[in-house]
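Okay, here's what each chain looks like letter by letter:
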Amino acid sequence: MGTVTIMDKTATTINAGGRWAPLSNLALASRALERGLNRASNLPGLIVLYGYSGLGKSHALSYCANQHEGFYVECQEYFNRKLLATAVLREMDIKPARTVGEMMEQIAEQLELSERPLILDNADYLAEKKLVDAVLALHEMARATVMLAGEEQLPRKLQAWERFHRRVLVWQLAQPASGADAQKLAEFYVPGVTIAEDLLDRVCHISRHTPGRICVNLDGIRDHCQKNGLKRIDLAAWGKREIYSGAAPVRRTA
């Protein structure tokens, strides 16, 4: 392998303001990654986080990258082997070599020497573009911990690569946002306002338990309370005001 400079283990906070809402999926993802990082030397280090869109998987991966100093790459539909390798090396702040094979060696050496995990978001594209073997090669060359995240069908898609599939140490299913998660988000995004449990439950239900939609609704509640000088609000006080569900607006008829 060529010479690779070990990157300094300095992590910057990705979340705006340097704070993270402590949601369930952040803890689940972090524990799964820690299991890979702390595994016995004879065990594989592949971690898969999966679940339907909107559960905050990307947010959880950003948190994991920050907490565990991981190399985070968001995979794209147009990636081939070269573009994947280039994206990883860019994240590592390493100038890519001339050939894909040399790039893979650069990545593997950096992973091995730094002992930092590789975190790949939107991993469905890796399966669709037949790049799973490239990821497996990096894992085996470096004995590195590699975490993939994707949609709910990702485990099924990975079955086509039996060598990869049987080396997965943790299959972690992302969970829908709970009432406790909604409460944490309310404390995080609507400070100084008490939102009653009945309104939070309604927001969770209409938002289909997806953190992003819950945050949109919390912002609406924050705006309403701010304009009306409210420090507490419940479902009765919210009344018939709209709660965002994510559905497309219905066309009004004359």
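Predicted, not measured: the structure shown is a model, and the values here were computed from it.

**Q** Help me get a handle on the overall build of the chain, residues and values and all.
**A** Counting its secondary structure elements, the chain contains 12 helices and 7 strands. Burial analysis of the chain (254 residues in total) assigns 46% to the buried set. Intrachain contacts of the chain at a sequence separation of at least 6 include 77% that bridge at least 24 residues. Summed over all atoms, the accessible surface of the chain reaches about 13400 Å², with 48% contributed by carbon and sulfur.

**Q** Could you give me a rundown of the pairing of strand β4 (residues 146-150), with the residues and numbers involved?
**A** In terms of burial, β4 is a largely internal element, 5 of the 5 residues being buried. The two faces of β4 match: Val146, Leu148 and Gly150 on one face and Met147 and Ala149 on the other face are all buried. For strand β1 (residues 46-50) and β4, the ladder comprises 5 bridges, and the chain directions are parallel. Each residue of the ladder has a partner; that of Tyr50, found in β4, is Gly150. Bridge count between strand β3 (residues 118-121) and β4: 3 bridges; the pairing is parallel. Across the sheet, residue Leu120 finds its bridge partner in β4, namely Leu148.

**Q** Describe in detail the environment of Gln153, supporting the description with residues and values.
**A** Position of Gln153 relative to the elements: it lies in the loop between β4 and α7 (154-158). Residues Gln153 and Tyr52 lie 101 residues apart in sequence; the distance between their C-alpha atoms is 8.3 Å.

**Q** Run through the packing of aromatic side chains, naming residues and quoting values.
**A** Across all of its chains, the model carries 2 aromatic pairs by this definition. Measuring from ring centre to ring centre gives 5.5 Å for Tyr78 and Phe79, while their planes differ by 80°; the resulting arrangement is edge-to-face. For Phe79, a relative accessible area of 9% corresponds to the buried category. On the basis of an interplanar angle of 80° and a centroid distance of 4.9 Å, the ring pair of Phe188 and Tyr189 is categorised as edge-to-face. Residue classification places Phe188 among the buried residues on the basis of a relative accessible area of 13%. Over the ring of Trp238 we find Arg241; its NZ or CZ atom is 5.9 Å from the centre of that ring.

What counts, and at which threshold
- Residues numbered from 1 in each chain as written.
- Predicted model: local features only at pLDDT ≥ 70, side-chain atom pairs only at ≥ 80, totals over all residues.
- Heavy atoms only, no water.
- Helix = DSSP H or I, 4+ residues; strand = E, 2+ residues; numbered from the N terminus.
- Buried < 20%, exposed > 50% of the residue type's maximum accessible area, 1.4 Å probe, protein only.
- Contact = heavy atoms within 4.5 Å.
- Areas by Shrake-Rupley, 256 points an atom, 1.4 Å probe, with all protein chains shown as cover.
- Pairing = 2+ DSSP bridges.
- Phe/Tyr/Trp six-rings, centres within 6.5 Å; stacked < 30°, edge-to-face > 60°.
- Lys NZ or Arg CZ within 6 Å of the ring centre and 35° of its normal.

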